[in-house]
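Geometric and topological summary
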Amino acid sequence: MSVEQFDPATQVVAVHPAAIEHFRRQLAQHEDASAVRLSVKPSGCSGYMYVLDFVNEQQEGDLDYQLAVDVKLLVDRGSLPIVTGTEIDFVREGINRQVKFINPNAKSECGCGESFNVS
């Protein structure tokens, strides 16, 4: 096992091992998908919402990261100013499990945690 360092010059986001394993399980359930695609969209009361899609092909301009032999992450180029530096983890909070985004660009979140704001 090796320890990987997050290098913002070559990586836009860092993905924790628990999130990679979660993506692996989800991709196995989406037989028509070969990658996870990260983007953001305007939403909610705070401004933006993360979007994770399980896709079969990348869109023009997507950044392509091979997280593991069987797990690929695509990042929407238009979302880069908002997601650069983000860490993605899969965490257990009480009885719930969820993908967690640790984004240094997020200045605030709405009360329900669905949307966030950047400055």
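Residues numbered from 1 in each chain as written. Predicted model: local features only at pLDDT ≥ 70, side-chain atom pairs only at ≥ 80, totals over all residues. Heavy atoms only, no water.

1. Focus: the side chain of D89
By the element assignment, D89 lies in strand 6 (residues 87-93). The buried charged residue D89 lacks any salt bridge partner; its closest oppositely charged side chain belongs to K100, at an N-O distance of 8.0 Å. Residues within four places of D89 in sequence aside, it is in contact with H16, A18, A19, Q98, V99, K100 and I102. (Helix = DSSP H or I, 4+ residues; strand = E, 2+ residues; numbered from the N terminus. Buried < 20%, exposed > 50% of the residue type's maximum accessible area, 1.4 Å probe, protein only. Lys, Arg positive; Asp, Glu negative; His and termini not counted. Salt bridge = Lys/Arg side-chain N within 4 Å of Asp/Glu carboxyl O. Contact = heavy atoms within 4.5 Å.)

2. Remarks on the pairing of strand 7 (residues 96-102)
Pairing between strand 6 and strand 7: 7 bridges, direction antiparallel. Residue pairing for strand 7: D89 is matched across the bridge by K100. Hairpin geometry of strand 6 and strand 7 is characterised by an intervening segment of 2 residues between the two adjacent antiparallel strands and by a positive phi of about 70 degrees at G94. (Pairing = 2+ DSSP bridges.)

3. Looking at the sheet that holds strand 7
Taken together, the 3 strands give an open sheet; going across it, the order is 1-6-7, and neighbouring strands pair in mixed fashion. Strands at the two margins of the open sheet, each flanked by one partner only, are strand 1 (14-15) and strand 7. Strand contacts of helix 1 (residues 17-29): strand 1, strand 6 and strand 7, with the helix running at about 85 degrees to strand 6, the strand carrying the most contacts. (Axes fitted to C-alpha atoms, helices over the stretch in contact; angles between N-to-C directions.)

4. Things to note about the packing of aromatic side chains
What characterises a pair of aromatic rings is the spacing of the ring centres plus the angle enclosed by the ring planes. Under the criterion given, the structure shown has 1 aromatic pair. Seen from their ring centres, Y50 and F101 are 3.9 Å apart, and the 15 degrees between their planes marks the pair as stacked. Taken together, the residues Y50 in strand 3 (residues 47-55) and F101 in strand 7 connect sequence positions 51 residues apart. Both residues of the pair, Y50 and F101, belong to the buried class. (Phe/Tyr/Trp six-rings, centres within 6.5 Å; stacked < 30°, edge-to-face > 60°.)

5. Here's the deal with the pattern of salt bridges
Any two side chains of opposite charge can pair, on the condition that their charged atoms come close. Tallying each qualifying case throughout the model produces 7 salt bridges. R25 is paired through a salt bridge with E21; the nearest N and O atoms lie 3.9 Å apart. Taken together, the residues span about one helical turn, with R25 and E21 both in helix 1 at a distance of 4 residues. Classification of E21 by relative accessible area gives partly exposed; the value is 33%. Between R37 and D62 there is a salt bridge, and its shortest N-O distance comes to 2.8 Å. In this pair, R37 is assigned in strand 2 (residues 35-43) and D62 in the loop between strand 3 and strand 4 (63-68), connecting sequence segments 25 residues apart.

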